[in-house]
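Observations on the model geometry
Here's the letter readout for the chains.
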There are 2 protein chains.
Amino acid sequence: MVNETQQTGSGSSSSRSDGGSSSGSESSKDNSRCSTPVLDADRHERLREKMRRRQEAGDRWFSLEFFPPRTANAAVNLISRFDRMGAGGPLFIDVTWHPAGDPGSDKETSSMIIANTAVNYCGLETILHMTCCNQTKDDITGHLQKAKRLGLKNIMALRGDPAGEEWEEEVDGFNYAVDLVKHIRNEFDDYFDVCVAGYPKGHPEAESYEADLRHLKEKVFAGADFIITQLFFRPETFLKFMKDCQAIGITCPIIPGIFPIQGYHSLRQLVKLSKLEVPQEIKDVVEPIKDNDAAIRNYGVELAVSMCRELLDSGMVHGLHFYTLNREVATTEVLKRLGLWKEDPRRPLPWAVSAHPKRRVEDVRPIFWASRPKSYIYRTQEWDDFPNGRWGNSSSPAFGELKDYYLFYLKSKSPREELLKMWGEELTSEESVFEVFTCYITGEPNRNGYKVTCMPWNDDPLATETNLLKDQLEKVNRRGILTINSQPNINGKPSTDPIVGWGPSGGYVFQKAYLEFFTSSEIVTALLKVLKKYELRVNYHIVNVKGQNITNAPDLQPNAVTWGIFPGREIIQPTVVDPVSFLSWKDEAFALWIEQWAKLYEEESPSRMIIQYIHDNYYLVNLVDNDFPLENCLWQVVEDTFELLN
Amino acid sequence: MVNETQQTGSGSSSSRSDGGSSSGSESSKDNSRCSTPVLDADRHERLREKMRRRQEAGDRWFSLEFFPPRTANAAVNLISRFDRMGAGGPLFIDVTWHPAGDPGSDKETSSMIIANTAVNYCGLETILHMTCCNQTKDDITGHLQKAKRLGLKNIMALRGDPAGEEWEEEVDGFNYAVDLVKHIRNEFDDYFDVCVAGYPKGHPEAESYEADLRHLKEKVFAGADFIITQLFFRPETFLKFMKDCQAIGITCPIIPGIFPIQGYHSLRQLVKLSKLEVPQEIKDVVEPIKDNDAAIRNYGVELAVSMCRELLDSGMVHGLHFYTLNREVATTEVLKRLGLWKEDPRRPLPWAVSAHPKRRVEDVRPIFWASRPKSYIYRTQEWDDFPNGRWGNSSSPAFGELKDYYLFYLKSKSPREELLKMWGEELTSEESVFEVFTCYITGEPNRNGYKVTCMPWNDDPLATETNLLKDQLEKVNRRGILTINSQPNINGKPSTDPIVGWGPSGGYVFQKAYLEFFTSSEIVTALLKVLKKYELRVNYHIVNVKGQNITNAPDLQPNAVTWGIFPGREIIQPTVVDPVSFLSWKDEAFALWIEQWAKLYEEESPSRMIIQYIHDNYYLVNLVDNDFPLENCLWQVVEDTFELLN
């Protein structure tokens, strides 16, 4: 934990304070004075450095391979899977390159876009596979440039399968993976971390195992940083391969590719593709149970766990790479049994970070997008700088407009039919809308017996933290204070607190109470009268869809509402209530009524008109109680408002 | 307090969030994302805006005029007076232009350098007088450029006294103040706030009172922002003058110049210079008591108070300008009796801010210079950017070397003889040094009966806040832990707390406990063993004069040790323990042993050798207890160290 640097001699001192007064001015120019404290080394290191650090620390890790889905709906599901499996703490994921699927395009199912989504929207360290045969140099350079622009930092350089049955070398073309490695290093210098494939049994097309090892060595010496192997069935296959690699001078990390058998057909297909032979002892088990998926999967899990244990116990293996086949259960099970699945309730920051390199300093966001982090990332994707340390004053950069509700990574996970069951096939009044909000808060089924597990503003069930406020939230939603975001006040809980903690251990986290809701203009009128009593204590912003805006924010400054104090670090204040951003959020928050809810119903239908009425006439309100050490007064504010109305 | 902006229509909303995603990138470039919250509007406003704001708020204010001293010692005293009288809250001070004293030079007694010191080192809004007659255009432009470079923002434009007895207009020269006003506006546009002089009885050389009013109007129409008047003896003189000004269309603020009679001779001299006539009723009182300074001063105070009351009661006067004659007592007394002297124990930040415009965003400093803010400002004067929001990581800009201990604004207020009485005419051992430190802490007289009111590292008596730690500090200093800086831990006291509060009201301030001291290598060895027990809780930096450096700071990051949470604002963290700056501070802290203490004694004398020994062999240590909500553990750390030694 502690970085004790004992330095002798005055060299270190003078080298740090060199320059003197005359050069003070120059050196200050070179520095961005606002730099992020290294909260989470993972955000700043390259993949190869992370690997090295984990190995040096004796940590064991895993990674996960996915392939791009065929349909947009499958893409929505895959992104949810990234989020869920990301929670287990993979060191990276990788996305295969599907030459047949227009892999470098902007299609929602392309390799490029799936990898982009994993990095930017799911915050996962990601390797994009790329093949080179049958492609021009310009195509390849174009793909690499695009990958770089999207924030991808790692490439798995592969040859790919030849187009025809018989493959011929192209003169001056990309014939082998090594050509692609060289090309990446020539054109992009050290920008990418490059991974190459290793074949524990030798590549099926290689002249010999030894010749294949020599090819591998060429790839490494051309600039590859590490090796991921093809799957294999026996641990000794990998361990022998690793020793053979080391014997010929390959010293970079070699990561075994693990394939938990998940079904009879997928096993057969994979074996066909990889031209590997399944050992007889496995065939003997699988054949008799080939129609029993559960049995095969259980066997596959057992087999994988025992193989992984043997690999790890050898002391030669620090990380395991899993061929998931885009499935969750088997791999997760193996990882849990190995003790590698580490669902760390602690977060580096209270919100989900993006892994785009230009966002690695980002440590402040407006609270409004707390439940829609992907939308926030999308709307700020064009920014060149990200707030760090401070949000800054009202001259904040513009948010991109959100018109692309159809984008698969912004879409609800639930299909229309499910949404209708949750939010009502038919609405009869504003009160039936209040009921939907109330059911979402309480977790109780609605009058048709369906649980409301998401809302247009929250695609997930209530956060654990919000559960702390459940009783009060239920009460106010029933009466038409339609809450979409809230947090309790916190006066210095340990940063390791399982519910509200974040950041490195040994620190303390704080929050100001926050409440955000839609409500009618009648309630707003009463609320404004009540707020006069709380003038110095409560900051408020009240806005309707037309932009009528009422606030008592001093000088339109942001209000920090979440912050943390950590040992040996500057203060982190990851969420603010920013008056200017609120007007951008307002557009999105109001639009969600229409885009996600009203459009479920026929035009001109009463249900749709009710939602449209709310959209047109309600106000969006946020309240902050600045007195975080005292009891949250926001419930009293709401209580006073209802009293005034009665 | 509250800035309620009710905006109707969607115009405001769209103008704020305009651009959309395509222009998001451009607009983000335009913004410095880290901007300081407006903690103290005074740091951001121009003088004329401050005046307007005060007037609109119905606040009454005062300002103070000083002249440059004749000797370097007098300059040291004047700077202390700036600090003391600055505490009463003047809206500004002004420094007269002494054509005979090389006023634009770099001499420590020049008008330019005194005004520079007031702005930069005392943090006072300052007006520099400037006269124009008998000077070339280039001279004047040079002076103005220099004033701008030094951070001066306000000029009092005067004609000055002609060189000979008989004055003749120069063709194309600067003959009148109005020429200077025009020149400033031509050459420097709106950069400076410009003030001009008004003569309630008319300028003695003017053809008539009416002609003089017309000249004043010319000066205002040429671009002057406000008027300060010559002294006068009767309130009706000023009030008539003001009405006459308004009658001819002068609408800018007119500030009456108040001259509290402080002695018979100064009165006579001033009257001679200003060619004013003293009213008979004043002469009648003063003449009989002309040898009784105290009686004259008392009368002067009475007279000034009653005149000021009449002016303020007229409703036409919002601010009063005092001709102090560089004296403190009479003016302070008048201001206190008028209720204008406002010693606000609350500070915008925990340290004394500088008023240089380029430093107005500055809101973070290393804690090391807490007792030497002028030295800190001096050593960072070449910086172009100042830390704001965050200190930033270890690549902080270089500090200027401090070799100029002789500079009058860095020098001790006490002369050598006094220092010797406090710190010992003769030192016999390291223990006699421990005694000096202990006496400074306790406030008890030393063995020769003298109180130790300053130390090389602290030119003032112990801060009230440090008094909270007095008992513990005494104990450890007696045993050779020679403390030079410390602060208690604070877990959320109101920002209005009279001892530790700072920043706007309604907030909460926090601190981590801090202790900084010199100590022997023997104690350091034991301390390091003890610190292992406190590894995660206590951050430490230990360095000797040669730069041997031991620390457990993670990644050389700064540790925020003072911060404040305020309503509707981002978090302010004004002091940090920065590992890199500490090495620059170390040079200064060690050098002070020699420059301020050892050099009091003869070379080769035992006293000097003792100080030299400490300088060469002791370590400078700082400790931070990160667990600010718990009881400060640093005393236990020291206790454990002594236990280990025994």
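Report follows, based on the coordinates.

Calculation notes
By convention here, each chain's residues receive numbers from 1 onward along its written sequence. Throughout, the order in which chains and ligands are written sets their labels, letters from A for the former and numbers from 1 for the latter. For a predicted model such as this one, the threshold for reporting local features is a pLDDT of at least 70, and the threshold for listing and counting side-chain atom pairs is 80 or more; totals across whole chains, interfaces and linings nevertheless cover every residue. In computing side-chain properties, one takes all heavy atoms of the structure into account and sets aside hydrogens as well as water. In this description a helix means any DSSP run of H or I spanning at least four residues, a strand means any run of E spanning at least two, and both kinds are numbered starting from the N terminus. Identification of polar contacts relies on pairs of N or O atoms within 3.5 Å, with a donor-acceptor requirement for protein atoms, meaning one able to donate a hydrogen and the other able to accept it, and with residues adjacent in sequence counted only if both atoms are side-chain atoms. Contacts were defined at the residue level, with two residues in contact if any of their heavy atoms lie within 4.5 Å. Helices are assigned an expected span. That span is 1.5 Å times one less than the residue count. Whether a residue is buried, partly exposed or exposed follows from its accessible area with a 1.4 Å probe, protein chains only, as a fraction of its type maximum: under 20%, in between, or over 50%, in that order. Note that the arc is defined by the directions from the helix axis to the C-beta atoms. Whether two strands pair comes down to DSSP finding at least two bridges between them. Only the stretch in contact is used when fitting a helix axis, every axis being a line fitted to C-alpha atoms; angles between N-to-C directions are given from 0 to 180 degrees. Among buried residues, those of type Ala, Val, Leu, Ile, Met, Phe, Trp, Tyr and Cys that are joined through side-chain atoms within 4.5 Å constitute a nonpolar core. Only centres within 6.5 Å qualify two rings of Phe, Tyr or Trp (six-membered ring in Trp) as a pair; their planes then separate them into stacked at under 30 degrees, edge-to-face at over 60, and tilted for everything else.

**A few points about the side chain of arginine 359 of chain B**
All names here are of chain B. Note on placement: arginine 359 falls in the loop between α13 (329–338) and β10 (365–366). At 3.4 Å, the side chain of arginine 359 and the backbone oxygen of isoleucine 377 are in polar contact. If we skip the residues at most four places from it in the chain, arginine 359 touches Arg43, Ser354, Arg365, Tyr376, Ile377, Thr380, Gln381 and Phe386.

**A closer look at helix α21 (residues 606–617) of chain B**
All names here are of chain B. Spanning 12 residues, α21 covers 16 Å between terminal C-alpha atoms, matching the ideal 16 Å at 1.5 Å per step. Here α21 has its buried residues at Ser607, Arg608, Ile610, Ile611, Ile614 and His615. Within α21, the buried residues cover an arc of 160 degrees as seen down the axis, which keeps them to one side. Check the buried side of α21 and you find it contacts α16 (430–442) and α20 (579–597).

**Thoughts on the sheet that holds strand β4 (residues 126–131) of chain A**
All names here are of chain A. An order of β2-β3-β4-β5-β6-β7-β8-β9 is seen for the 8 strands of this closed barrel, with the pairing classed as parallel. Neighbouring strand axes in the sheet, compared pairwise and without regard to direction, differ in orientation by 30 degrees on average. Summarising the sheet, strand β3 (residues 92–95) and β4 pair through 3 bridges and their orientation is parallel. In the strand pairing of β4, aspartate 94 is matched with isoleucine 127. Strands β4, β5 (154–158) and β6 (193–198) of the sheet are contacted by helix α7 (residues 177–188), whose axis makes an angle of about 145 degrees with β5.

**A few points about the nonpolar core**
Formed by 337 residues in total, the largest nonpolar core has its most connected members in Trp457, Trp593 and Trp597 of chain A together with Trp457, Trp593 and Trp597 of chain B. Dropping the residues within four chain positions of it, tryptophan 457 of chain B is found in contact with Ser371, Arg372, Phe437, Ile484, Phe518, Trp585, Ala589, Leu592, Trp593 and Trp597 of chain B.

**Describing the packing of aromatic side chains**
Between two aromatic rings, the relevant description is the distance of the centres plus the angle of the planes. Taken as a whole and judged by the stated rule, the model has 64 aromatic pairs over all chains. With centroids separated by 6.0 Å and ring planes inclined at 90 degrees, the aromatic side chains of phenylalanine 510 of chain A and phenylalanine 628 of chain A adopt a geometry described as edge-to-face. A residue pair is termed long-range when its members are at least 10 positions apart, and phenylalanine 510 of chain A in strand β13 (residues 508–511) and phenylalanine 628 of chain A in the loop between β19 (619–625) and α22 (634–645) qualify at 118 residues. Across the pair, phenylalanine 628 of chain A and phenylalanine 510 of chain A agree in class, each one buried. Taking the centre distance of 5.8 Å and the plane angle of 35 degrees together, the rings of tryptophan 383 of chain B and phenylalanine 386 of chain B count as tilted. Just as tryptophan 383 of chain B is buried, phenylalanine 386 of chain B falls in that class too. Put simply, the rings of Phe368, Trp369, Tyr376, Trp383, Phe386, Trp391, Phe399, Phe582 and Trp585 of chain A touch in pairs and so form one group of aromatic residues.

**Looking at the sheet that holds strand β17 (residues 559–565) of chain A**
The mixed open sheet is built from 5 strands, whose spatial order is β10-β18-β17-β13-β12 (chain A). Looking at the sheet topology across the chains shown, the edges are occupied by β10 (365–366) and β12 (490–494) of chain A.

**Overview of helix α18 (residues 470–478) of chain B**
Residue and element names in this part refer to chain B. Restricting attention to buried positions, one finds in α18 the residues Leu473, Val476 and Asn477. The buried residues of α18 occupy an angular sector of 100 degrees when the element is viewed end-on, so they sit on one face. For α18, the exposed residues lying more than 90 degrees away from the buried face are Asp471, Lys475 and Arg478. The secondary structure elements touched by the buried residues of α18 are α16, α17 (464–467), β11 (482–487), β14 (513–519) and α22 (634–645). Positive backbone phi, approximately 95 degrees, marks glycine 480, located one or two places after α18.

**Here's the deal with the side chain of glutamine 487 of chain A**
Residue and element names in this part refer to chain A. For glutamine 487, the location among the structural elements is in strand β11 (residues 482–487). In this structure glutamine 487 comes out as buried when scored by relative accessible area, which is 7%. Only 2.8 Å separates the side chain of glutamine 487 from the backbone oxygen of valine 561, close enough to count as a polar contact.

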